[in-house]
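# Structure at a glance
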Amino acid sequence: MTETAQQLPPTAEELIAFFELDRLAEVPVDSYYDIIAQMITNKTGHWAAFGVGWNRTFQELNRVRNRYTHNNKLFAFDWWEGLPHDWRPGYPKGTFRIPRERVVNWYKHDESVIFHEGLFEDTITDSVVAEIGVPALIHIDCDLYESTKAVLDRCPPAAGTLLLFDEFYAPTGEWDWTQHEAKAFYEFCQSHQLKFRALFRRQVSAGPLSEQVAFLIQEVV
Ligand SMILES: C[S@@+](CC[C@H](N)C(=O)[O-])C[C@H]1O[C@@H](n2cnc3c(N)ncnc32)[C@H](O)[C@@H]1O
(Lines give C-alpha, C1' and ligand atoms only; values in the text may rest on other atoms or scores of the structure.)
Protein backbone atom coordinates (compact mmCIF):
# COMPACT_ATOMS: atom_id res chain seq x y z
CA MET A 1 0.00 0.00 0.00
CA THR A 2 1.34 3.48 -0.84
CA GLU A 3 1.80 6.16 1.77
CA THR A 4 -1.09 8.14 0.30
CA ALA A 5 -3.40 5.14 0.34
CA GLN A 6 -2.57 4.44 4.00
CA GLN A 7 -3.71 7.92 4.96
CA LEU A 8 -7.08 7.64 3.26
CA PRO A 9 -9.99 6.99 5.63
CA PRO A 10 -11.58 3.55 5.21
CA THR A 11 -14.56 3.33 2.89
CA ALA A 12 -17.85 1.73 3.92
CA GLU A 13 -16.96 -1.32 1.82
CA GLU A 14 -13.59 -1.67 3.54
CA LEU A 15 -15.13 -1.39 7.00
CA ILE A 16 -17.89 -3.88 6.19
CA ALA A 17 -15.31 -6.38 4.92
CA PHE A 18 -12.83 -5.78 7.76
CA PHE A 19 -15.45 -6.19 10.50
CA GLU A 20 -17.46 -8.83 8.57
CA LEU A 21 -20.55 -6.73 9.13
CA ASP A 22 -22.51 -8.29 6.30
CA ARG A 23 -21.90 -11.79 7.66
CA LEU A 24 -22.78 -11.19 11.29
CA ALA A 25 -25.68 -12.96 12.90
CA GLU A 26 -28.42 -10.66 14.07
CA VAL A 27 -29.54 -11.11 17.65
CA PRO A 28 -33.08 -10.13 18.65
CA VAL A 29 -33.30 -6.82 20.51
CA ASP A 30 -34.74 -8.32 23.67
CA SER A 31 -32.01 -10.89 24.22
CA TYR A 32 -28.94 -8.92 23.08
CA TYR A 33 -27.57 -7.91 26.48
CA ASP A 34 -28.50 -11.18 28.16
CA ILE A 35 -26.61 -13.16 25.53
CA ILE A 36 -23.57 -10.93 25.83
CA ALA A 37 -23.46 -11.15 29.61
CA GLN A 38 -23.76 -14.92 29.49
CA MET A 39 -20.74 -15.05 27.17
CA ILE A 40 -18.48 -13.28 29.66
CA THR A 41 -15.82 -15.73 30.74
CA ASN A 42 -14.30 -13.56 33.46
CA LYS A 43 -17.36 -13.31 35.68
CA THR A 44 -15.66 -11.14 38.30
CA GLY A 45 -13.85 -8.74 35.93
CA HIS A 46 -14.97 -5.13 36.03
CA TRP A 47 -17.12 -3.48 33.36
CA ALA A 48 -16.70 0.02 31.92
CA ALA A 49 -19.37 2.08 30.15
CA PHE A 50 -18.49 5.21 28.21
CA GLY A 51 -21.64 7.27 27.59
CA VAL A 52 -24.34 6.85 30.23
CA GLY A 53 -26.63 9.58 28.95
CA TRP A 54 -30.31 8.90 29.41
CA ASN A 55 -29.79 5.63 31.27
CA ARG A 56 -31.49 3.44 28.70
CA THR A 57 -28.92 0.93 27.44
CA PHE A 58 -26.92 1.63 30.60
CA GLN A 59 -29.75 0.34 32.75
CA GLU A 60 -29.90 -2.83 30.65
CA LEU A 61 -26.17 -3.26 31.00
CA ASN A 62 -26.32 -3.05 34.77
CA ARG A 63 -29.28 -5.41 34.90
CA VAL A 64 -27.43 -8.18 33.07
CA ARG A 65 -24.23 -7.52 35.01
CA ASN A 66 -26.11 -8.11 38.26
CA ARG A 67 -27.76 -11.19 36.86
CA TYR A 68 -24.84 -13.01 35.24
CA THR A 69 -21.65 -11.79 36.96
CA HIS A 70 -20.67 -11.13 40.56
CA ASN A 71 -18.35 -9.19 42.89
CA ASN A 72 -17.41 -6.74 40.16
CA LYS A 73 -17.95 -3.04 39.50
CA LEU A 74 -19.44 -1.05 36.67
CA PHE A 75 -17.34 2.05 36.01
CA ALA A 76 -19.52 4.66 34.33
CA PHE A 77 -18.19 7.68 32.46
CA ASP A 78 -20.12 10.75 31.28
CA TRP A 79 -20.05 14.51 31.65
CA TRP A 80 -23.87 14.88 31.35
CA GLU A 81 -23.55 17.77 28.90
CA GLY A 82 -24.42 15.65 25.89
CA LEU A 83 -22.43 15.36 22.70
CA PRO A 84 -19.32 17.58 22.80
CA HIS A 85 -19.59 18.14 19.01
CA ASP A 86 -22.18 17.85 16.26
CA TRP A 87 -22.74 14.23 15.25
CA ARG A 88 -25.06 12.92 12.53
CA PRO A 89 -27.90 15.05 11.11
CA GLY A 90 -30.45 15.77 13.83
CA TYR A 91 -27.93 15.22 16.65
CA PRO A 92 -26.14 18.54 17.26
CA LYS A 93 -23.69 19.33 20.04
CA GLY A 94 -25.47 19.02 23.41
CA THR A 95 -27.85 16.23 22.37
CA PHE A 96 -28.39 13.80 25.31
CA ARG A 97 -27.71 16.47 27.95
CA ILE A 98 -29.33 15.46 31.24
CA PRO A 99 -29.20 16.65 34.87
CA ARG A 100 -26.72 14.31 36.55
CA GLU A 101 -29.01 13.62 39.55
CA ARG A 102 -31.60 12.00 37.31
CA VAL A 103 -29.12 9.22 36.55
CA VAL A 104 -26.78 9.13 39.54
CA ASN A 105 -29.64 8.95 42.06
CA TRP A 106 -30.97 5.87 40.30
CA TYR A 107 -27.85 3.99 41.45
CA LYS A 108 -27.35 5.52 44.88
CA HIS A 109 -28.10 2.19 46.59
CA ASP A 110 -25.82 0.20 44.30
CA GLU A 111 -22.24 0.68 45.50
CA SER A 112 -20.89 -1.36 42.63
CA VAL A 113 -21.73 1.37 40.10
CA ILE A 114 -18.92 3.94 40.17
CA PHE A 115 -19.40 7.21 38.31
CA HIS A 116 -16.54 9.23 36.85
CA GLU A 117 -18.08 12.53 35.88
CA GLY A 118 -16.39 14.82 33.36
CA LEU A 119 -15.00 14.64 29.87
CA PHE A 120 -13.33 11.31 29.08
CA GLU A 121 -10.16 13.21 28.32
CA ASP A 122 -10.05 14.23 32.02
CA THR A 123 -11.66 11.26 33.80
CA ILE A 124 -10.00 8.25 32.15
CA THR A 125 -6.86 8.59 34.20
CA ASP A 126 -4.06 6.07 34.66
CA SER A 127 -5.22 5.32 38.20
CA VAL A 128 -8.82 4.66 37.12
CA VAL A 129 -7.62 2.42 34.30
CA ALA A 130 -5.41 0.53 36.77
CA GLU A 131 -8.41 0.06 39.05
CA ILE A 132 -10.48 -1.34 36.17
CA GLY A 133 -7.69 -3.79 35.34
CA VAL A 134 -8.38 -6.14 32.41
CA PRO A 135 -11.95 -5.16 31.59
CA ALA A 136 -14.38 -8.05 31.17
CA LEU A 137 -16.65 -5.76 29.17
CA ILE A 138 -16.37 -2.30 27.62
CA HIS A 139 -19.50 -0.56 26.37
CA ILE A 140 -18.87 2.37 24.02
CA ASP A 141 -21.91 4.57 23.50
CA CYS A 142 -20.44 8.02 22.92
CA ASP A 143 -21.27 8.22 19.21
CA LEU A 144 -18.43 10.50 18.07
CA TYR A 145 -15.09 9.62 16.52
CA GLU A 146 -13.11 11.83 18.90
CA SER A 147 -14.79 10.45 22.03
CA THR A 148 -14.43 6.82 20.89
CA LYS A 149 -10.77 7.38 20.08
CA ALA A 150 -10.19 8.90 23.53
CA VAL A 151 -11.76 5.83 25.16
CA LEU A 152 -9.80 3.27 23.13
CA ASP A 153 -6.50 5.12 23.56
CA ARG A 154 -6.89 5.57 27.32
CA CYS A 155 -8.79 2.44 28.36
CA PRO A 156 -7.92 -0.15 25.72
CA PRO A 157 -9.60 -3.54 25.52
CA ALA A 158 -7.46 -6.59 26.28
CA ALA A 159 -7.56 -10.25 25.30
CA GLY A 160 -10.85 -11.63 26.60
CA THR A 161 -12.68 -8.29 26.73
CA LEU A 162 -16.13 -8.15 25.20
CA LEU A 163 -16.22 -4.84 23.37
CA LEU A 164 -19.62 -3.41 22.50
CA PHE A 165 -20.34 -0.44 20.28
CA ASP A 166 -23.74 1.17 20.31
CA GLU A 167 -23.66 3.20 17.10
CA PHE A 168 -21.32 1.20 14.95
CA TYR A 169 -23.18 0.47 11.75
CA ALA A 170 -26.12 1.82 9.77
CA PRO A 171 -26.81 -0.86 7.14
CA THR A 172 -29.45 1.23 5.44
CA GLY A 173 -26.99 4.12 5.15
CA GLU A 174 -29.27 6.77 6.61
CA TRP A 175 -26.24 8.43 8.20
CA ASP A 176 -22.49 8.25 7.63
CA TRP A 177 -21.51 5.61 10.18
CA THR A 178 -18.03 5.32 8.62
CA GLN A 179 -16.89 8.56 10.30
CA HIS A 180 -17.40 7.73 13.96
CA GLU A 181 -17.21 4.67 16.27
CA ALA A 182 -16.34 2.27 13.43
CA LYS A 183 -13.58 4.52 12.12
CA ALA A 184 -12.00 4.95 15.55
CA PHE A 185 -12.06 1.19 16.18
CA TYR A 186 -10.66 0.46 12.71
CA GLU A 187 -7.71 2.78 13.37
CA PHE A 188 -7.18 1.22 16.79
CA CYS A 189 -7.16 -2.26 15.23
CA GLN A 190 -4.55 -1.14 12.70
CA SER A 191 -2.24 0.53 15.19
CA HIS A 192 -2.41 -2.31 17.75
CA GLN A 193 -2.54 -5.27 15.35
CA LEU A 194 -5.66 -6.25 17.20
CA LYS A 195 -7.09 -9.70 16.70
CA PHE A 196 -10.80 -9.95 17.33
CA ARG A 197 -13.84 -12.05 16.61
CA ALA A 198 -16.89 -10.12 15.40
CA LEU A 199 -19.75 -11.78 17.28
CA PHE A 200 -23.11 -10.39 16.20
CA ARG A 201 -25.16 -7.26 15.82
CA ARG A 202 -28.49 -6.23 17.20
CA GLN A 203 -31.36 -6.91 14.84
CA VAL A 204 -31.73 -4.12 12.32
CA SER A 205 -35.46 -4.38 11.74
CA ALA A 206 -36.05 -3.42 15.35
CA GLY A 207 -35.66 0.32 14.84
CA PRO A 208 -33.25 3.07 15.75
CA LEU A 209 -31.38 1.06 18.41
CA SER A 210 -30.23 -1.45 15.86
CA GLU A 211 -26.70 -0.40 15.08
CA GLN A 212 -24.95 -2.18 17.94
CA VAL A 213 -22.12 -4.59 17.21
CA ALA A 214 -20.30 -6.89 19.65
CA PHE A 215 -16.66 -8.03 19.40
CA LEU A 216 -14.57 -10.45 21.42
CA ILE A 217 -10.99 -9.26 21.67
CA GLN A 218 -8.48 -12.06 21.17
CA GLU A 219 -5.08 -10.37 21.09
CA VAL A 220 -3.70 -6.82 21.42
CA VAL A 221 -0.11 -5.93 20.64
C1 LIG B 1 -26.00 8.30 23.13
S2 LIG B 1 -25.66 9.01 24.68
C3 LIG B 1 -25.51 7.60 25.72
C4 LIG B 1 -26.80 6.89 25.93
C5 LIG B 1 -26.76 5.91 27.06
N6 LIG B 1 -25.88 4.78 26.82
C7 LIG B 1 -28.10 5.46 27.57
O8 LIG B 1 -28.13 4.39 28.14
O9 LIG B 1 -29.06 6.20 27.42
C10 LIG B 1 -23.99 9.55 24.48
C11 LIG B 1 -23.38 10.06 25.76
O12 LIG B 1 -21.99 10.20 25.61
C13 LIG B 1 -21.55 11.30 26.36
N14 LIG B 1 -20.25 11.72 25.81
C15 LIG B 1 -19.88 11.76 24.50
N16 LIG B 1 -18.62 12.14 24.39
C17 LIG B 1 -18.15 12.35 25.65
C18 LIG B 1 -16.88 12.74 26.19
N19 LIG B 1 -15.82 13.02 25.39
N20 LIG B 1 -16.76 12.81 27.53
C21 LIG B 1 -17.81 12.54 28.34
N22 LIG B 1 -19.03 12.16 27.88
C23 LIG B 1 -19.19 12.07 26.55
C24 LIG B 1 -22.66 12.32 26.24
O25 LIG B 1 -22.71 13.21 27.34
C26 LIG B 1 -23.90 11.43 26.18
O27 LIG B 1 -24.52 11.31 27.43
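Heads up: the structure comes first, above all this text.
Note that the structure is a prediction, hence the values are computed from the model and not measured.

### Section: the sheet that holds strand 4 (residues 113-117)
- One open sheet accounts for eight strands, arranged 1-7-8-6-5-2-3-4; its pairing is mixed. Unpaired on one side and paired on the other, strand 1 (25-27) and strand 4 mark the two borders of the sheet. The average undirected angle you get between the axes of adjacent strands in this sheet is 20°.
- Here five bridges tie strand 3 (residues 74-78) to strand 4, and the two strands are oriented parallel to one another. Directly across from Phe77, in strand 4, lies its bridge partner His116.
- Sitting on the sheet, helix 8 (residues 145-154) touches strand 2 (47-50), strand 5 (137-140) and strand 6 (162-165), and the angle it makes with strand 5 is about 165°.
- Against the sheet, helix 9 (residues 181-192) contacts strand 5, strand 6, strand 7 (195-202) and strand 8 (213-219), and its axis sits at roughly 150° relative to strand 6.

### Some details on the packing of helix 8 against helix 9
- Interaxial distance between helix 8 and helix 9 falls to 8 Å at its minimum, and their mutual angle equals 35°. Seen along the crossing, helix 8 lies across helix 9 with a hand that is right-handed. Within the contact between the two elements, helix 8 uses Tyr145, Thr148, Lys149, Leu152 and Asp153 and helix 9 uses Glu181, Lys183, Ala184, Phe185, Glu187 and Phe188.

### Description of helix 4 (residues 57-68)
- The end-to-end C-alpha distance of helix 4, which contains 12 residues, comes to 16 Å, matching closely the 16 Å that a straight helix rising 1.5 Å per residue would cover.
- If you check which residues of helix 4 are buried, you get Thr57, Phe58, Leu61, Asn62, Val64, Arg65 and Tyr68. The buried residues of helix 4 occupy an angular sector of 165° when the element is viewed end-on, so they sit on one face.
- If you follow the buried residues of helix 4, they end up packed against helix 3 (32-39), strand 2, strand 3, strand 4, strand 5 and strand 6.

### Re the side chain of Asp34
- Structurally, the position occupied by Asp34 is in helix 3.
- Not counting the four nearest positions on each side in its chain, Asp34 is found in contact with Arg63, Val64, Arg67 and Tyr68.

### Details of the site of the ligand
- Near the ligand you find 21 residues, and of these Arg56, Thr57, Asp78, Asp141 and Ser147 are the closest.
- Contact between the ligand and Glu121: a nitrogen atom at 3.4 Å from a side-chain N or O atom of the residue.
- Relative to its unbound accessible area of 600 Å², the ligand is 98% covered by the protein chains.
- Tallied by class, the residues present in the shell around the ligand amount to nine nonpolar, seven polar and five charged.

### Some words on the packing of aromatic side chains
- If you walk through the whole model with that rule in mind, you get 28 aromatic pairs.
- Considering the side-chain rings of Phe18 and Tyr186, the 5.0 Å spacing of their centres and the 75° angle between planes classify their relative orientation as edge-to-face. On the criterion of sequence distance, the pair formed by Phe18 in helix 2 (residues 12-18) and Tyr186 in helix 9 is long-range, its members being 168 residues apart.
- Measuring from centroid to centroid gives 5.0 Å for Phe19 and Phe168, while their planes differ by 75°, and the two rings are edge-to-face. On the criterion of sequence distance, the pair formed by Phe19 in the loop between helix 2 and strand 1 and Phe168 in the loop between strand 6 and helix 9 is long-range, its members being 149 residues apart. The burial state of Phe19 is the same as that of Phe168; both residues are buried.
- Members of the aromatic cluster, joined through ring pairs, are Phe18, Phe19, Phe165, Phe168, Phe185, Tyr186, Phe196 and Phe215.
- A cation sits over an aromatic face here: Lys183 above Tyr145, 4.7 Å from the ring centre.

### Regarding unusual backbone geometry
- Even without a glycine there, the phi angle at Glu20 is positive, about 55°.
- Relative to the helices and strands, Glu20 resides in the loop between helix 2 and strand 1.
- Positive phi is not limited to glycine here, since Asp143 has a value of about 70°.
- By the secondary structure assignment, Asp143 is in the loop between strand 5 and helix 8.

The rules behind the values
- Residues numbered from 1 in each chain as written.
- Predicted model: local features only at pLDDT ≥ 70, side-chain atom pairs only at ≥ 80, totals over all residues.
- Heavy atoms only, no water.
- Pairing = 2+ DSSP bridges.
- Helix = DSSP H or I, 4+ residues; strand = E, 2+ residues; numbered from the N terminus.
- Axes fitted to C-alpha atoms, helices over the stretch in contact; angles between N-to-C directions.
- Contact = heavy atoms within 4.5 Å.
- Left-handed = near helix turned anticlockwise from the far one by under 90°.
- Expected span 1.5 Å × (residues − 1).
- Buried < 20%, exposed > 50% of the residue type's maximum accessible area, 1.4 Å probe, protein only.
- Arc of directions from axis to C-beta.
- Near = heavy atom within 4 Å.
- Polar contact = N/O pair within 3.5 Å; in protein donor to acceptor, adjacent residues only side chain to side chain.
- Areas by Shrake-Rupley, 256 points an atom, 1.4 Å probe, with all protein chains shown as cover.
- Nonpolar A, V, L, I, M, F, W, Y, C, P; charged D, E, K, R; others polar.
- Phe/Tyr/Trp six-rings, centres within 6.5 Å; stacked < 30°, edge-to-face > 60°.
- Lys NZ or Arg CZ within 6 Å of the ring centre and 35° of its normal.

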